[in-house]
Amino acid sequence: MFPGFTLETIVLSEATLRVRHGGNGPPLLLLHGHPRTHTTWYRVAPLLADEFTVVCPDLRGFGGSSKPADHPDHAGSSKRAKARDCVELMRGLGFETFSIAGHDRGSYTAFRCAMDHPQTIRSLSILDGVPIIEAVERCDAKFGKAWWHWFFFAQAEKPERAILADPLAWYGGTADKMGEANFADYSTAIHDPATVHGMIEDYRAGLEIDWRHDEDDRSARRRLACPLQVLWSGQDDLEDLYGDVLGVWRRWATELSGHSLPCGHHMAEEVPETLANALSRFHSLYW
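Residues numbered from 1 in each chain as written. Predicted model: local features only at pLDDT ≥ 70, side-chain atom pairs only at ≥ 80, totals over all residues. Heavy atoms only, no water.

A. The arrangement of the overall build of the protein chain in detail. Scanning the protein chain from terminus to terminus reveals 15 helices and eight strands. The C-alpha atoms of the protein chain give 17 Å as radius of gyration, which agrees with the globular expectation for 287 residues (19 Å, within 12%). If one aligns the C-alpha atoms of the protein chain with their principal axes, the spans along those axes are about 45 × 40 × 40 Å. Here the protein chain holds 287 residues, and the buried ones make up 56% of them. (Helix = DSSP H or I, 4+ residues; strand = E, 2+ residues; numbered from the N terminus. Rg over C-alpha atoms; globule rule 2.2 N^0.38 Å. Buried < 20%, exposed > 50% of the residue type's maximum accessible area, 1.4 Å probe, protein only.)

Put into structure tokens, the structure is as follows:
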């Protein structure tokens, strides 16, 4: 995987991240979702590497990165804390400003990075996501039936016990669909109790401290300072839940574009060329 890329462990002030990086050109940070690791980008990152310096970390709490200490408000797993990791990581690699794309749970860290560090983020791509506060406030029976795991994962101890009883039965996935090396990395992660706990803490933070951070921003009428691209899976349920996906984002962004992609939820693994082309066209405009 990732021909020409470097894999290393980078120690930051609050976390230690496993990071894959390579390529040439302006920096583009790619953030994975749940329950994946950075290897989910194995088909996308090389396609972008001729035009961008591509950086793919395991988020703190996920994969091979360090796991934060537990706090009553889950602050160590907050998207604000993970955004600080992103800025420090990129600065350590020599980039004071950068573009960023996040998928699924990674989209919340990417969004928080752009909100908290407006002078640092040049352009932002959100993949299969809306702001956490928007999801919570629009929650209805349809949302509860489709995304019940949000509320189950918020409970103490029970989610970890359920998942670890049979991780592959819980999460699914096969080497044939995901790619052998990507599947092996993912399988290692979901069988590790510390990683499963770290991933679930990400959800607990979402319904506690992350929700409040979004609420503070909205109350202060803060908006994204950078251009925003929103891409979503046409075969997943974002349109079914929200109808006009871009409409959900209009209160948060001044410069907004986006469209659906012909795939299921794990777009980086299902339509890598289509996704890479969309990211390249968008982010190249702002360098």
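After that view of the structure, there is still more to cover.
B. Focus on the sheet that holds strand β4 (residues 53–57). Read from one edge to the other, the open sheet built from eight strands follows the order β1-β2-β4-β3-β5-β6-β7-β8, with strand pairing classed as mixed. The open sheet has two free edges, formed respectively by β1 (6–11) and β8 (256–261), since each of these has just one partner strand. When strand polarity is set aside, the average angle formed by the axes of neighbouring strands in this sheet is 20°. Packed onto the sheet, helix α15 (residues 272–283) meets β3 (27–31), β5 (98–103), β6 (121–127), β7 (228–233) and β8 and runs at close to 150° relative to β6. (Pairing = 2+ DSSP bridges. Axes fitted to C-alpha atoms, helices over the stretch in contact; angles between N-to-C directions. Contact = heavy atoms within 4.5 Å.)

C. Examining the packing of helix α7 (residues 158–165) against helix α11 (residues 193–219) more closely. Between α7 and α11, the shortest axis-to-axis distance is 10 Å and the interhelical angle comes to 135°. One element, α7, and the other, α11, form an angle in the oblique class. Handedness of the α7/α11 crossing: right-handed. Contacts between α7 and α11 involve Pro-159, Glu-160, Ile-163 and Leu-164 on the former and, on the latter, Pro-193, Val-196, His-197, Ile-200 and Arg-204. For the contact of α7 with α11, the per-class residue count stands at six nonpolar, one polar and two charged. (Parallel < 35°, antiparallel > 145°, perpendicular 65-115°, else oblique. Left-handed = near helix turned anticlockwise from the far one by under 90°. Nonpolar A, V, L, I, M, F, W, Y, C, P; charged D, E, K, R; others polar.)

D. Structural context of helix α3 (residues 105–116). Here α3 is twelve residues long and its end C-alpha atoms lie 17 Å apart, about the 16 Å a rise of 1.5 Å per residue gives. For α3, a buried count of eleven out of twelve residues is recorded, marking the element as mostly surrounded by other parts of the structure. Among all positions in α3, only Arg-105, Gly-106, Ser-107, Tyr-108, Thr-109, Ala-110, Phe-111, Arg-112, Cys-113, Ala-114 and Met-115 are buried. (Expected span 1.5 Å × (residues − 1).)

E. Examining the nonpolar core more closely. Core analysis: the biggest nonpolar cluster contains 59 residues, and Leu-29, Ile-100, Leu-124 and Tyr-242 have the highest contact counts within it. Among the elements that take part in this core, α3 stands out by supplying six residues, more than any other. Not counting the four nearest positions on each side in its chain, Leu-29 is found in contact with Val-55, Pro-57, Cys-86, Leu-89, Met-90, Phe-98, Ser-99, Ile-100 and Ala-101. If you look at the next biggest cluster of nonpolar residues, it comprises 25 residues, including Tyr-42, Ala-45, Met-267 and Ala-278. (Core = buried A, V, L, I, M, F, W, Y, C linked by side-chain atoms within 4.5 Å.)

F. Broad picture of the side chain of Thr-195. With respect to the helices and strands, Thr-195 occurs in helix α11. A polar contact of 3.4 Å, which involves the side chain of Thr-195, links it to the backbone oxygen of Gly-63. With residues up to four places along the chain from it excluded, the contact list for Thr-195 reads Gly-61, Phe-62, Gly-63, Lys-67 and Ala-189. (Polar contact = N/O pair within 3.5 Å; in protein donor to acceptor, adjacent residues only side chain to side chain.)

G. Seen up close, the packing of aromatic side chains. Per the counting criterion, the structure on display carries 16 aromatic pairs. Here the aromatic rings of Trp-148 and Phe-152 are separated by 6.2 Å at their centres, their planes lie at 45°, and the arrangement is tilted. For Trp-148, a relative accessible area of 44% puts it in the partly exposed group. An aromatic cluster of three or more residues is present, and its members are Tyr-108, Phe-143, Trp-147, Trp-150 and Phe-151. The cationic tip of Arg-105 hangs over the ring face of Trp-150; the distance from NZ or CZ to the ring centre is 5.5 Å. Sitting over the face of the ring of Tyr-203, Arg-105 holds its NZ or CZ atom 3.9 Å from the ring centroid. (Phe/Tyr/Trp six-rings, centres within 6.5 Å; stacked < 30°, edge-to-face > 60°. Lys NZ or Arg CZ within 6 Å of the ring centre and 35° of its normal.)

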